[in-house]
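# Secondary and tertiary structure notes
As a plain string of letters, each chain reads:
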Amino acid sequence: MKAVVLAGGYATRLWPITKDRPKMFLPIGDHTVIDEIFADLEADDRIDEVFVSTNERFAGEFETYLAETDFDKPTLSIEDTTDESEKFGVVGALAQLVDREGIDDDLVVVAGDNLISFDIADFVDFFAETGEPALAAYDVGSREKAKSYGLVELDGDRVVDFQEKPDDPKSTLVSIACYAFPADRLGDLSTYLEAGENPDEPGWFIQWLQQRRTVRAFTFDGAWFDIGTPESYLDAIEWSLDGGTIVHEDATVADSRLGETVHVMADATVEDATLDRAVVFPNASVRNAEIRGSIIDRGTTIENFDLSGALIGAHTSITDGGQF
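Described in the following lines is the structure provided in the data block.

## So, the overall build of the protein chain
A count of helical and extended segments in the protein chain gives 8 helices and 26 strands. Once the C-alpha set of the protein chain is aligned to its principal axes, its extents read approximately 60 × 40 × 35 Å. Considering the protein chain as a whole, with its 324 residues, one finds that 52% of them fall into the buried category. Considering only contacts in the protein chain between residues 6 or more positions apart, those separated by 24 or more positions represent 56%. When the accessible area of the protein chain is evaluated, it comes to approximately 14100 Å², of which 41% is carbon and sulfur surface. If you average the places of the 25 positive and of the 66 negative side-chain charges in the protein chain, the two averages end up 6 Å apart.

## Quick look at helix α2 (residues 59-68)
Burial in α2 covers these residues: Ala59, Phe62, Tyr65 and Leu66. Down the axis, α2 shows its buried residues gathered within 125° of arc, on one side only. In this structure, α2 carries Ala67 and Glu68 as exposed residues pointing more than 90 degrees from its buried face.

## Examining the nonpolar core
With 39 residues, the main nonpolar core has Phe118, Ile176 and Phe220 as its most contacted residues. Mapped onto this core, the elements with two or more residues apiece are β1 (2-6), α1 (33-43), β4 (49-55), α2, β6 (107-111), α4 (120-130), β8 (134-139) and β11 (173-181). Among the elements that take part in this core, α4 stands out by supplying 5 residues, more than any other. Setting aside residues no more than four positions away along its own chain, phenylalanine 220 makes contact with Ile116, Ser117, Phe118, Ala136, Ala137, Tyr138 and Ile176. Leu97, Val98, Val152 and Trp208 belong to the second-largest nonpolar core, a separate cluster that totals 30 residues.

## Details of the packing of helix α6 (residues 187-194) against helix α7 (residues 202-210)
Between two packed helices, both the angle of their axes relative to each other and the distance between the axes serve to describe the pair. Close contact between α6 and α7 brings their axes to 11 Å; oriented N to C, the two are set at 100°. The angle between the axes of α6 and α7 places the two elements in the roughly perpendicular class. Here Asp188, Leu189, Thr191 and Tyr192 of α6 lie close against α7, whose contacting residues are Trp204, Phe205, Trp208 and Leu209. Counted by class, the contact of α6 with α7 contains 6 nonpolar, 1 polar and 1 charged residues.

## Quick look at the packing of aromatic side chains
Considering all chains together, one arrives at 17 aromatic pairs under this definition. Seen in terms of ring centroids, phenylalanine 118 and phenylalanine 220 are 4.5 Å apart; in terms of plane orientation they differ by 65°. Their pairing is edge-to-face. Of this pair, phenylalanine 118 sits in the loop between β7 (114-116) and α4 while phenylalanine 220 is found in the loop between β12 (216-219) and β13 (224-226), placing the two residues 102 residues apart along the sequence. There is no split in this pair, since phenylalanine 118 and phenylalanine 220 are both buried. One aromatic cluster is present, built from ring pairs that chain together Phe118, Phe123, Phe126, Tyr138, Tyr149, Phe218, Phe220 and Trp224.

## Some remarks on unusual backbone geometry
Notably, threonine 261 is not glycine yet its phi reads approximately 55°, a positive angle. Examined against the element boundaries, threonine 261 turns out to sit in the loop between β16 (257-258) and β17 (262-264). Of note in this structure, arginine 277 is not a glycine but carries a positive phi near 50°. Classification of arginine 277 by relative accessible area gives buried; the value is 18%.

Cut-off values and rules
Residues numbered from 1 in each chain as written. Predicted model: local features only at pLDDT ≥ 70, side-chain atom pairs only at ≥ 80, totals over all residues. Heavy atoms only, no water. Helix = DSSP H or I, 4+ residues; strand = E, 2+ residues; numbered from the N terminus. Buried < 20%, exposed > 50% of the residue type's maximum accessible area, 1.4 Å probe, protein only. Contact = heavy atoms within 4.5 Å. Areas by Shrake-Rupley, 256 points an atom, 1.4 Å probe, with all protein chains shown as cover. Lys, Arg positive; Asp, Glu negative; His and termini not counted. Charge placed at Lys NZ, Arg CZ, Asp CG, Glu CD. Arc of directions from axis to C-beta. Core = buried A, V, L, I, M, F, W, Y, C linked by side-chain atoms within 4.5 Å. Axes fitted to C-alpha atoms, helices over the stretch in contact; angles between N-to-C directions. Parallel < 35°, antiparallel > 145°, perpendicular 65-115°, else oblique. Nonpolar A, V, L, I, M, F, W, Y, C, P; charged D, E, K, R; others polar. Phe/Tyr/Trp six-rings, centres within 6.5 Å; stacked < 30°, edge-to-face > 60°.

So, in structure tokens, the structure goes:
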């Protein structure tokens, strides 16, 4: 069995934090988002190779990252794009990867920005038992949230209806970006694209597939975070830290109050400050400030300034005083 980790997005909703950094490398506690996925795939002996699908713009970052980790299975598979406007779409990129790498085994596909509470091996177990295309499904608990995803209707574990991003969701059970396809169904990707169907979100392909094939759903409780916005990233950190605080041993925190869900990274300095639901990246400096619901990138200086709901890019200096 092969696996593909989708990591080709440009995460424009998280700019400037992700302008020069794949969002999969955003830290969640002591790990990055993608570390958890790689760890699960590495531990599953049924999966003998993991293809990391990324773009030319972030290829160097992934090469460096993989060279510095202990993971043996991941290899890069690079799509020929450098900008959001050039993207093939997720389905288009996946079909190209299958052809480029000559994949003819069963295939597990998972988005690299998924933070999920189940072990991917459990999903592979489910897929192995059914032998049919499968997806993972989660109850987001809100019809408003469900509008942003693929809505799943089930009869037992069989998907009997699938609606991508419905305007009026009938339920709150949605498909997350975790799929499995038998080897003899990989050709459906090309058939779908050759018919002129939507190459972008994989949910459109699943909606098309469900109308033609039996598709099974692996439902799970616990937690799932689609890390595509500042709010979802902070939510994932809150879940990971259980509302707590983590301060790197090489960080300096003095005369400050750290509230709930705070991560201060290596060589950062926090003095005379109040932080709540905030992330301070390495080598950043926060002095005489209140930071709430904000992300402060590396090398940034914040002095005499209060921030709420802000994304501050790397090597920025804000020292004039006031609020933002």
